[in-house]
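# Breakdown of the fold
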Amino acid sequence: MPTVYLNGRFVPLEQATVSVLDRGFNFADGVYEIIPVFSGRAFRLSEHLKRLQNSLAGISLSLDYDGHKWQSLLDELLNLNQVTEDSSIYIQVTRGAGERNHFFQSGYNPTVFIMCKPLSGVDFSMGVSAILHEDIRWKYCHIKSVALLPNVLLKQYARDKDGSHEAILSKDGYITEGAASNVFIVADNTVRTPPKSNRLLPGITRDLTVELIGESEYQCLEVPVTENELLQADEIWITSSTLGIAPVVRLDGRPVSGGKPGLAWRDVNKLYQAFKTAAGRQ
């Protein structure tokens, strides 16, 4: 049974419980973060913690955990679970338990939960399939909220429709992101990805991918991407902390890049894999 962290204590997962009056349970009043672990080290930790802090600020939730405390907690959790394989750390912070009331009440003690588990080990290098769907989510997608029901429904719809891994989302004719990923397209040796806004999560792997493209022969533009540009793209990629950079080889049942990973993806993915390996050695 894995060990988890809950409100100041490391306990077996089966003993970790929270109140039914926790606002995370009643209102989805909380945020989360997922941090990959490669070679025993949390990957891009400072960037993930900064995004977590931004999400907390976005819902007006104060938490007195600084970077040193987070580092200590995560190191202890990895040690207690004897993590030796690629894994992911899940952090969830809710406003805590109290009287069920839409207004924030004074005196709440935030609920802090952390667990780790092995990454799936699924190889995405041969590509994934996706569908295009209207973005049905709320207007604050830059906050990594635990209110994920729309994302869950979109992912499930993609799987039920044709066995796809992801739903790529569109609002007002423009691509926002995937239900659980950021989106890149390649056309004429130029890589494009939607710019950061309240319509999409500022992905840590997204930002790293933009950095790595800057070191390659390709140009990366953070610009609006239309549905038509997506449909006509030479290549489509999706990125996330658990996926890395995955090529989309089928969209709505039609082949992308001839139904196989494209040359630009292979070039940039080599840079990503090298960066990940180097980070694990530091």
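First, a word on what this report is: a plain description of the structure on this page. Fair warning: this is a prediction, and the values are worked out from it, not measured in the lab.

What counts and how
- Residues numbered from 1 in each chain as written.
- Predicted model: local features only at pLDDT ≥ 70, side-chain atom pairs only at ≥ 80, totals over all residues.
- Heavy atoms only, no water.
- Helix = DSSP H or I, 4+ residues; strand = E, 2+ residues; numbered from the N terminus.
- Expected span 1.5 Å × (residues − 1).
- Buried < 20%, exposed > 50% of the residue type's maximum accessible area, 1.4 Å probe, protein only.
- Arc of directions from axis to C-beta.
- Contact = heavy atoms within 4.5 Å.
- Polar contact = N/O pair within 3.5 Å; in protein donor to acceptor, adjacent residues only side chain to side chain.
- Core = buried A, V, L, I, M, F, W, Y, C linked by side-chain atoms within 4.5 Å.
- Pairing = 2+ DSSP bridges.
- Axes fitted to C-alpha atoms, helices over the stretch in contact; angles between N-to-C directions.
- Left-handed = near helix turned anticlockwise from the far one by under 90°.
- Lys, Arg positive; Asp, Glu negative; His and termini not counted.
- Salt bridge = Lys/Arg side-chain N within 4 Å of Asp/Glu carboxyl O.

### Topic: helix H3 (residues 67-80)
Compared with an ideal rise of 1.5 Å per residue, which puts 14 residues at 20 Å, H3 spans 20 Å between its outermost C-alpha atoms and is within 8% of the ideal. Within H3, burial applies to Trp70, Leu73, Leu74, Leu77 and Leu78. Looking straight down H3, one finds its buried side chains confined to an arc of 130 degrees; they lie on one side. Away from the buried face of H3 by more than 90 degrees, exposed residues His68 and Asn79 are located. Contacts from the buried residues of H3 go to strand E1 (3-6), strand E2 (9-12), strand E3 (30-38), helix H2 (45-58), strand E5 (87-94) and strand E6 (111-118). Its side-chain oxygen placed 3.2 Å from the backbone nitrogen of His68, Asp66 serves as the N-cap of H3.

### Description of the nonpolar core
Core analysis: the biggest nonpolar cluster contains 25 residues, and Trp70, Ile89, Ile91, Val93, Val112 and Ile114 have the highest contact counts within it. In terms of residues, this core owes the most to one element, H3, which gives five residues. Other than its neighbours up to four places away in sequence, Val93 contacts Gly30, Val31, Leu56, Leu61, Leu63, Trp70, Pro110, Thr111 and Val112. Formed by 18 residues, the second largest nonpolar core is a distinct cluster that contains Ala130, Ile185, Leu230 and Ala233.

### Let's talk about the pairing of strand E13 (residues 235-240)
Within E13, six of the six residues are buried, which leaves the element mostly enclosed by the surrounding structure. Residue alternation in E13 divides its side chains into two sets, Glu235, Trp237 and Thr239 and Ile236, Ile238 and Ser240, and both sets are buried. The pairing of strand E10 (residues 182-187) with E13 spans five bridges and is classified as antiparallel. What sits directly across from Phe184, in E13, is Trp237. Between E13 and strand E14 (residues 244-251), which follow one another and run antiparallel, lie three residues.

### A few points about the packing of H2 against H3
Contact geometry of H2 with H3 gives a least axis separation of 11 Å together with a crossing angle of 115 degrees. Like other packed secondary-structure pairs, H2 and H3 cross with a definite hand, here right-handed. Taken together, the residues of H3 that come into contact with H2 (itself represented by Leu45, Leu49 and Leu52) are Gly67, Trp70, Gln71 and Leu74.

### As for the side chain of Lys144
Within the secondary structure, Lys144 sits in the loop between strand E7 (128-134) and helix H4 (149-162). No salt bridge is formed by the buried Lys144, whose closest oppositely charged neighbour, Glu33, lies at an N-O distance of 5.4 Å.

### What about the sheet that holds E6?
Sheet architecture is open: six strands sit in the order E2-E1-E6-E5-E3-E4, paired in antiparallel fashion. With partners counted over all chains shown, the strands left at the sheet margins are E2 and strand E4 (41-42), one partner each. Sheet analysis places E5 next to E6, joined by eight bridges and oriented antiparallel. Bridging across to E6, Ser87 finds its partner in Pro118.

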